[in-house]
Amino acid sequence: MGLFSVIKSGLSKTRNAILGELKGIAGKGKVSDEMLEDLEERLIKADVGTEAAFLLTDALREQALGKSLSQDEILDILRSEAELFLMDPPPFVLKGKPHVILVIGVNGAGKTTTIGKLAKHYKDQGHKVMIAAADTFRAAAMEQLEVWANRSEAEFVHHAEGSDPAAVAFDACVAAKARGCDIVLIDTAGRLQNKDYLMEELAKVVRVLKKQDAAYPHDIWLVIDGNTGQNTINQAKIFNQSFPLTGLVVTKLDGTARGGSILSIASSLKIPILWVGMGERIDQLVPFNKGEYVDGLFKE
Ligand SMILES: Nc1nc2c(ncn2[C@@H]2O[C@H](COP(=O)(O)OP(=O)(O)O)[C@@H](O)[C@H]2O)c(=O)[nH]1
Ligand SMILES: [Mg+2]
């Protein structure tokens, strides 16, 4: 099941909004500034975001203004322009034993769920996986993570509720080494009520991990909810200022019509999108692929 087939339905609302607008442009004489402005608005409404909508209509202006183009020709221009600011994820290589991945993001973004899905994915690839419960804020958070660890048959390290997240992360890496794990996935808290505190807490996790091994964490992945629009991008920028993010996971692209948010995220942040969450089930995490994504968005 490729991203294309899943995203095709997930993106259908976004796509239809864009196509609906194109029907008003294509085959109706020459492409005019007015048509382009309408399209730009439509793209913004489809959650493509102001920046990406501007880039797309700008490309169209350059290549199509004053010309009579078919819908397919217009879609082709949009598709190739979108491909320019999307990145394919770099190949995943284990950079240590264990390879340590810190997963961060605001509350409810989908961190814990994504970690469960990732653990299953890496286990299926033959890796031994450790999950660390460094969201120690609520006991329920640790229990939720333990359920995912059981489902994905991963090793699991947790401390008591309210304990130091950095200590959990540190211990999990020690245990991962002792148990011969290949990958450590560290779950973290995402409380928004106090952003400074959250950033400090995460910075401490990184600092303490580096005391064990300067290469830790090999990756810091930010999980973002694909439904939250411009807000998401502002959040991502704040996280990216404090932490060198090596990848993004965009969740909840199933169901709703916010599929265009990927374009807006990719055009605003120069961080590769690695994974896309397409549902709550363990197998509903799909590797991002820009070709499949733009096909889903711009192919009828
Ligand atoms: N539909 C859908 N729901 C998701 C997805 N990822 C996570 N969720 C749901 O979003 C909610 C919050 O997820 P959780 O992993 O607890 O977020 P966290 O606070 O960042 O750890 C839960 O109800 C998840 O089942 C996804 O890709 N699609
Ligand atoms: Mg969580």
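Our structure is the block above this text.
Residues numbered from 1 in each chain as written. Chains lettered and ligands numbered in written order. Predicted model: local features only at pLDDT ≥ 70, side-chain atom pairs only at ≥ 80, totals over all residues. Heavy atoms only, no water.

Asks: Before we move on, can you summarise the overall build of the protein with the specific residues and values?
Replies: For the protein, the count of helices and strands is 12 helices and eight strands. Taken against the 2.2 N^0.38 rule, which gives 19 Å for 300 residues, the C-alpha radius of gyration of the protein at 21 Å falls within 12% of a compact globule. Along the longest, intermediate and shortest principal axes, the C-alpha atoms of the protein span 70 × 40 × 30 Å. Counting every position in the protein, which comprises 300 residues, the buried fraction comes to 55%. Considering only contacts within the protein whose residues lie at least 6 apart along the sequence, 76% involve residues at least 24 apart. For the protein, the computed accessible surface area is about 12,800 Å², with 51% contributed by carbon and sulfur atoms. When the 35 positive and 40 negative side-chain charges of the protein are each reduced to one mean point, those points stand 3 Å apart. (Helix = DSSP H or I, 4+ residues; strand = E, 2+ residues; numbered from the N terminus. Rg over C-alpha atoms; globule rule 2.2 N^0.38 Å. Buried < 20%, exposed > 50% of the residue type's maximum accessible area, 1.4 Å probe, protein only. Contact = heavy atoms within 4.5 Å. Areas by Shrake-Rupley, 256 points an atom, 1.4 Å probe, with all protein chains shown as cover. Lys, Arg positive; Asp, Glu negative; His and termini not counted. Charge placed at Lys NZ, Arg CZ, Asp CG, Glu CD.)

Asks: Please set out the packing of helix α8 (residues 165-178) against helix α9 (residues 195-212) residue by residue, giving values where relevant.
Replies: Between α8 and α9, whose axes approach to 8 Å, the crossing angle comes to 30°. When the axis of α8 is compared with that of α9, the two are roughly parallel. α9 is crossed by α8, and the crossing has right-handed handedness. Contacts from P165, A166, A169, F170, C173 and V174 of α8 reach α9 at E201, K204, V205, V208, L209 and Q212. Tallied by class, residues from the contact of α8 with α9 come to nine nonpolar, one polar and two charged. (Axes fitted to C-alpha atoms, helices over the stretch in contact; angles between N-to-C directions. Parallel < 35°, antiparallel > 145°, perpendicular 65-115°, else oblique. Left-handed = near helix turned anticlockwise from the far one by under 90°. Nonpolar A, V, L, I, M, F, W, Y, C, P; charged D, E, K, R; others polar.)

Asks: An account of the packing of aromatic side chains is requested, with residue identities and associated values reported.
Replies: Counted by the stated rule, this structure contains three aromatic pairs. Taking 6.2 Å as the distance between ring centres and 65° as the angle between the ring planes, the aromatic pair formed by F92 and W221 counts as edge-to-face. A residue pair is termed long-range when its members are at least 10 positions apart, and F92 in the loop between α5 (71-85) and β1 (99-104) and W221 in strand β5 (residues 219-225) qualify at 129 residues. By relative accessible area, which is 3% here, W221 ends up buried. Of the aromatic side chains, those joined through ring pairs into one cluster are F92, Y122 and W221. (Phe/Tyr/Trp six-rings, centres within 6.5 Å; stacked < 30°, edge-to-face > 60°.)

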